[in-house]
Amino acid sequence: MILFAALLALMGTTVYLAKLQQAIDAALQLERMISPAGELITHAIAKLSVIIPAYNEVDNIRACLLSVLQTTDLSAEQLEVWVVDDQSQDETLAIVQALQLELADPRLHVLVGQPRPEQQTWVGKNWACTQAVQHATGEYLLFLDADVRLQPEAIVTALHTAQAEQIDLLSLGPAIVCGCLAEWLVQPLVVSLLVVGFDPDAVSDPSTDTAFAAGMFMLFRRSAYEQVGGHRAVADQVVEDVELARRIKRQGLTLRYVLGIEKLSVRMYRSWTAVWEGWTKNWHLGSGRNWRASLYGAVIVLLIFTVPWLGLIALLIKGAVLGLTWFDAVGLGVVLTTIALHYRLRLALERVAAIPPRYWWLTGVSGVLVAAIALGSIIKTETGWGWTWRGRSLKLPDEMKA
């Protein structure tokens, strides 16, 4: 039984690693399309409006804004930065207003968000983004999350590339920063699943239906954004970034999802509570609310990442108590081979997400946690129980569940 499970895990891991390597190779090739900073002609680029929706971002908003304003020399005629305080319950607004006084930077604008319209369903950051767009004047719109940190020339490089390549939506995949143990356990595995599930080559290929965008960095040509209806058209979508990407592609517009680990970084969550809330919010929706697909994902995760470690523990205990047969020795060789592939997987992931292979030897625990997230997401999404983002309910009206 152990040998059979170990062989299944080895086959699954081998296939998974091959798909990951294929996606990584495609992603690295696409990354070369981003124009080098040395080729940029800042006076020739279109005006850009950067929009940052902020809800209870006291830990992030100052550092995010400084990274935006201090990494580009674009003038106020070329760049405007709009921060929308989405009725935060903490000191987010006060921090932004204080920074505005401190810097006296004419590019920085603050918008106090209004209450969400009654009798309408608005979830996530859609309402905040919609309000900001009404004030923005740029030919291009860059939506950033407050936990993003930009590197020098990131904005100008992305904008120049979007213009030169006639891209309607350019989304950059960031370097993922991990801090607490929960992040180290969950983030690498989930990110690898996203890379495999949304191959950047397929996303950028207009002949496929695969669409994806990383909501923390989405650069739209304004005309394209308006053509697909913007955030107003996806007001009731929790995973609004992917839905906007789908709409861009359905309209025959140009979508590109490109690696940007040298351009930006993000620390998405800072605790197990945040990791749980964040990924259970999205997982089941990412499968199209297909509970069979979500359950299948949980089973595959356990098979590939947890079963080999359980097999290793079982065989070591058996060997210590009863000794190992030749059959057990074969099983031990299989599980050790699979575990070695886990390390190779983490090394490969570092190339596209800049996550070092730290704590890779806890991959078995990671599989259990991610499977639990998948199950929790099904329950939350389908029942609305505890389905929240930063305390705000995401439960949809009954008439919108069908």
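Coordinates for the structure precede this section.
Residues numbered from 1 in each chain as written. Predicted model: local features only at pLDDT ≥ 70, side-chain atom pairs only at ≥ 80, totals over all residues. Heavy atoms only, no water.

Attention now moves to the packing of aromatic side chains. Remark: the centre distance and the inter-plane angle together describe each pair of aromatic rings, the angle taken between the planes. Enumeration according to the criterion identifies 15 aromatic pairs in this entry. Centre to centre, the rings of Trp272 and Trp276 are 5.8 Å apart; their planes meet at 45°, and the pair counts as tilted. Of this pair, Trp272 and Trp276 both sit in helix H10 (residues 272-286), separated by four residues, roughly a single helical turn. On the basis of relative accessible area, Trp276 is assigned to the partly exposed category, the value being 26%. With 5.5 Å between their ring centres and 85° between their planes, Trp326 and Phe327 make a pair best called edge-to-face. By relative accessible area, which is 66% here, Trp326 ends up exposed. Phe327 sits in the partly exposed class, given a relative accessible area of 42%. Directly above the aromatic system of Trp389 lies the positively charged group of Lys281, at a separation of 5.0 Å from the ring centroid. Lying across the ring of Tyr55, Arg392 places its NZ or CZ 3.7 Å from the centre. (Phe/Tyr/Trp six-rings, centres within 6.5 Å; stacked < 30°, edge-to-face > 60°. Helix = DSSP H or I, 4+ residues; strand = E, 2+ residues; numbered from the N terminus. Buried < 20%, exposed > 50% of the residue type's maximum accessible area, 1.4 Å probe, protein only. Lys NZ or Arg CZ within 6 Å of the ring centre and 35° of its normal.)

It is worth spelling out the side chain of Asp168 at this point. Relative to the helices and strands, Asp168 is located in the loop between helix H5 (154-164) and strand E6 (169-173). Judged by relative accessible area, Asp168 falls into the buried class, the value being 9%. There is a polar contact of 2.8 Å between the side chain of Asp168 and the backbone nitrogen of Thr254. Beyond its immediate sequence surroundings of up to four residues, Asp168 is in contact with Leu219, Phe220, Arg221, Ala224, Leu253 and Thr254. (Polar contact = N/O pair within 3.5 Å; in protein donor to acceptor, adjacent residues only side chain to side chain. Contact = heavy atoms within 4.5 Å.)

Pairing is mixed across the open sheet formed by three strands, whose spatial order is E5-E10-E7. Unpaired on one side and paired on the other, strand E5 (148-150) and strand E7 (175-176) mark the two borders of the sheet. Sheet analysis places E5 next to strand E10 (residues 264-266), joined by three bridges and oriented antiparallel. Paired with Val148 across the strands is Val266, a residue of E10. (Pairing = 2+ DSSP bridges.)

The next thing to look at is helix H4 (residues 126-135). Counted residue by residue, H4 has eight buried out of ten residues, so it is predominantly covered. Residues of H4 that are buried in the fold lie against strand E1 (48-54), strand E2 (79-85), strand E3 (108-112), strand E4 (140-144), helix H8 (222-227) and helix H9 (240-250).

Most of E6 is tucked away, with five of its five residues classed as buried. Where E6 and strand E8 (residues 217-221) come together, three bridges link them in antiparallel fashion. When the sheet's bridge partners are listed, Ser171 is paired in E8 with Met218. Bridge analysis of E6 against strand E9 (residues 255-259) gives five bridges, and the strand direction is parallel.

The subject of this paragraph is the nonpolar core. Counting 122 residues, the largest nonpolar core has Val50 and Ile52 as the members making the most contacts within it. Among residues more than four places away in sequence, those in contact with Ile52 are Ile61, Cys64, Leu65, Val68, Val81, Trp82, Val83, Val84, Leu144, Asp145 and Ala146. (Core = buried A, V, L, I, M, F, W, Y, C linked by side-chain atoms within 4.5 Å.)

All quantities given are derived from atomic positions and should not be read as evidence of function.
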